[in-house]
Amino acid sequence: MKDNTMLKHINMPVIVKAMCGATIGFLVGMYVSNTFFGGAIHWPIYLCVTIGGGLGIWLFRR
């Protein structure tokens, strides 16, 4: 039986990891800003993008 080892051979550059995390952070920030603040302030979006970028690098590590 052949196991699925395709993911072990994919090397994502750091910028791709950061962009994946930042995209998820942007979506979460948009949700928080629109739900709790009515879309009037933007600092939750910037905060979530920054945290998401860092988490993306950390979560997609080897």
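Rules and cut-offs
- Residues numbered from 1 in each chain as written.
- Predicted model: local features only at pLDDT ≥ 70, side-chain atom pairs only at ≥ 80, totals over all residues.
- Heavy atoms only, no water.
- Helix = DSSP H or I, 4+ residues; strand = E, 2+ residues; numbered from the N terminus.
- Expected span 1.5 Å × (residues − 1).
- Buried < 20%, exposed > 50% of the residue type's maximum accessible area, 1.4 Å probe, protein only.
- Contact = heavy atoms within 4.5 Å.
- Patch = residues over 30% accessible without salt bridge, like charges linked within 9 Å, V, L, I, M, F, W, Y side chains within 5 Å.
- Areas by Shrake-Rupley, 256 points an atom, 1.4 Å probe, with all protein chains shown as cover.
- Salt bridge = Lys/Arg side-chain N within 4 Å of Asp/Glu carboxyl O.

Draft legend 1. Main features of helix 1 (residues 14-36). Taking 1.5 Å per residue as the helical rise, helix 1 with its 23 residues ought to reach 33 Å, and the 32 Å between its terminal C-alpha atoms agrees with that figure. Along helix 1, the residues that are buried comprise Lys17, Ala18, Gly21, Ala22, Gly25, Gly29 and Ser33.

Draft legend 2. Spotlight on the side chain of Ser33. Along the chain, the position of Ser33 falls in helix 1. Contact partners of Ser33, with chain neighbours within four places excluded, come to Gly38, Gly39, Ile41 and Ile45.

Draft legend 3. Geometry of a nonpolar patch on the surface. On the surface, Tyr31, Phe36, Phe37, Trp43, Leu47, Ile51, Leu55, Trp58, Leu59 and Phe60 cluster together into a nonpolar patch covering about 1,100 Å² of accessible area. Within the residue set of the nonpolar patch, elements represented by two or more residues are helix 1 and helix 2 (43-59). The dominant element in the nonpolar patch, judged by the number of residues it contributes, is helix 2, at six residues. Considering the arrangement of structural elements, one finds Ile51 in helix 2. On the basis of relative accessible area, Ile51 is assigned to the partly exposed category, the value being 46%.

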